[in-house]
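# Fold and geometry: a report
Each chain, written out:
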Amino acid sequence: MEGEDYMGKTNYDFEIYTDGGCSPNPGGNGGYGFVILQRGNEFLRGNGGYIGTTNNRMELMAAIVALESIKEPSTVLLHSDSKYLVYTMQGMYSKKKNRDLWNRLDQECRRHKKITFSWVRGHNGNKYNEICDTLATEGMRDATERDKGYDGAVCSLPA
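Being a predicted model, the structure only gives us computed values, none of them experimental.

Cut-offs applied
Residues numbered from 1 in each chain as written. Predicted model: local features only at pLDDT ≥ 70, side-chain atom pairs only at ≥ 80, totals over all residues. Heavy atoms only, no water. Helix = DSSP H or I, 4+ residues; strand = E, 2+ residues; numbered from the N terminus. Buried < 20%, exposed > 50% of the residue type's maximum accessible area, 1.4 Å probe, protein only. Contact = heavy atoms within 4.5 Å. Areas by Shrake-Rupley, 256 points an atom, 1.4 Å probe, with all protein chains shown as cover.

### Comments concerning the overall build of the chain
The helix and strand inventory of the chain stands at 4 helices and 5 strands. When the helices and strands of the chain are read in sequence order from the N terminus, they spell out β-β-β-α-β-α-α-β-α. When burial is assessed residue by residue, the chain has 50% of its 159 residues classed as buried. In the chain, 70% of the contacts between residues at least 6 apart in sequence involve partners at least 24 apart. Of the accessible surface of the chain, which amounts to about 7,900 Å², a share of 46% is contributed by carbon and sulfur atoms.

Have a look at this one:
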């Protein structure tokens, strides 16, 4: 995998795993979760949630909040099970919906030295992806704030 040396440790300052979800999607309660690793050790976990959102918005929020949590400009390898997030950041999809969140994510990408986005298969036994899924579910359950950026439009790309 790109970014790994022969020891299996990444050449990046930080490695992030993210996940987001919404039930029912669209328009239900949503949550996001992330785990940040530094030099292979867990550095930070976080989550949150919103009422009235979409799974795609929560996938974006997971990446945004995780990147915002790293205070110094750094090199980052970000893993997500969201093709919507990863493929858009790799230039395969366009940023048509959720412009408010894409703008925030773009700002974080400019702030950091380098961010590489990597897709991982969800619900496939990856330890950190599974932790993020649990954190996102907790965020969904505990959501109290309305997602002011969600306009009720259905997102057409899969998470």
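Right, picking up where we left off after that structure.
### As for unusual backbone geometry
The amide bond that connects Ser23 to the next residue, Pro24, takes the cis arrangement and shows omega of -10°. Relative to the elements of secondary structure, Pro24 occurs in the loop between strand E1 (14–23) and strand E2 (29–38). Cis geometry is found at the peptide bond from Asn25 to Pro26, where omega equals 0°. For Pro26, the position within the fold is in the loop between E1 and E2. In this model, Arg39 sits at a positive phi of 50°, which is unusual for a non-glycine residue. Tracing the sequence through the fold places Arg39 in the loop between E2 and strand E3 (41–51). A positive phi angle is found at Asn98, which is not glycine, with a value near 60°. With respect to the helices and strands, the residue Asn98 is situated in the loop between helix H2 (83–89) and helix H3 (99–111).

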